[in-house]
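Structure at a glance
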Amino acid sequence: MPVVMSNREFENHVGDALDLLPTEFTDAMSNIAILVRPYNSEEPTLLGLYHGVALTERTFDYQGFLPDTIEIYREPILAMCHSADEVRHEVAVTVLHEVGHHFGIDDEWLHANGWG
């Protein structure tokens with residue numbers, strides 16, 4: 001049975017996950033917005049998605065771009081979890097996974113190291 005949780009509580013878990021990042025990482029994050037969405041319409045079971053130009057790919061001519069986005073999908077995370085603690089853990093893993101993409105880290109490394 002999926003976990004029932006208010007939007008606000010879920011968003012607080014996203015904020016808590018960002019607080020897990022060392023200051024050096026949050027200070028280095030640039031031109032990015034983190035959004036909570038109900039689900040991804042193209043892939044409804046997707047937990048999160050990074051859109052943008054990774055920091056490792058940005059060159060001297062990176063200017064005038066809209067912010068990158070990290071989308072965290074609430075409904076699939078709640079559907080796969082059985083407790084608030086599981087939601088907290090899955091949100092943290094998903095947020096840190098997508099932040100990893102912002103830093104240019106690929107899925108293979110993230111999965112191999114427990115962040116996928």
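The text that follows walks through the structure, step by step, so that each part is easy to find.

Let's shift gears to the overall build of the protein. Counting secondary structure elements, the protein contains five helices and three strands. Its helices and strands taken in sequence order, the protein reads α-α-β-β-β-α-α-α from the N to the C terminus. Against the 2.2 N^0.38 benchmark of 13 Å for 116 residues, the protein shows a C-alpha radius of gyration of 14 Å, consistent with a compact globule. For the protein, restricting intrachain contacts to residue pairs at least 6 apart in sequence, the fraction spanning at least 24 positions comes to 70%. Distance between charge centres in the protein, computed from 5 positive and 20 negative side chains, equals 10 Å.

Further remarks concern helix 4 (residues 84-102). Since the α-helix turns once every 3.6 residues, residues separated by three or four places project in the same direction. The end-to-end C-alpha distance of helix 4 is 27 Å, a good match for the 27 Å that 19 residues give at a rise of 1.5 Å each. Of all the 19 residues making up helix 4, 14 are buried; the element is thus mostly covered by neighbouring parts of the structure. A positive phi of about 85 degrees marks Gly-104, the residue just after helix 4.

Okay, the sheet that holds strand 1 (residues 32-37) next. Read from one edge of the open sheet, three strands run 1-3-2, paired in mixed fashion. Where the open sheet ends on each side, the last strands, each with one partner, are strand 1 and strand 2 (48-51). Averaged over all pairs of adjacent strands, the angle between their axes in this sheet comes to 15 degrees, without regard to strand direction. Note: strand 2 against strand 3 (residues 68-73), four bridges, orientation antiparallel. Looking across to strand 3, one finds that Leu-49 is bridged to Glu-71. Contacts from helix 1 (residues 7-19) reach strand 1 and strand 3 within the one sheet, and its direction differs from that of strand 1 by about 145 degrees.

Let's shift gears to the nonpolar core. Phe-10, Ile-72, Ile-77, Val-87, Val-91, Val-95 and Val-99 are the most contacted members of the largest nonpolar core, which has 22 residues in total. At the level of elements, helix 1, strand 3, helix 3 (74-80) and helix 4 are the ones that each hand at least two residues to this core. Element by element, the count of residues in this core is highest for helix 4, at six residues. Not counting the four nearest positions on each side in its chain, Val-99 is found in contact with Leu-18, Leu-21, Met-29 and Ile-70.

So, on to unusual backbone geometry. Phi angles above zero are rare outside glycine, and Asn-31 is one such case at about 55 degrees. Mapping Asn-31 onto the fold places it in the loop between helix 2 (23-28) and strand 1. Look at Asn-31 and you get partly exposed, because its relative accessible area is 29%.

Procedures and definitions
- Residues numbered from 1 in each chain as written.
- Predicted model: local features only at pLDDT ≥ 70, side-chain atom pairs only at ≥ 80, totals over all residues.
- Heavy atoms only, no water.
- Helix = DSSP H or I, 4+ residues; strand = E, 2+ residues; numbered from the N terminus.
- Rg over C-alpha atoms; globule rule 2.2 N^0.38 Å.
- Contact = heavy atoms within 4.5 Å.
- Lys, Arg positive; Asp, Glu negative; His and termini not counted.
- Charge placed at Lys NZ, Arg CZ, Asp CG, Glu CD.
- Expected span 1.5 Å × (residues − 1).
- Buried < 20%, exposed > 50% of the residue type's maximum accessible area, 1.4 Å probe, protein only.
- Pairing = 2+ DSSP bridges.
- Axes fitted to C-alpha atoms, helices over the stretch in contact; angles between N-to-C directions.
- Core = buried A, V, L, I, M, F, W, Y, C linked by side-chain atoms within 4.5 Å.

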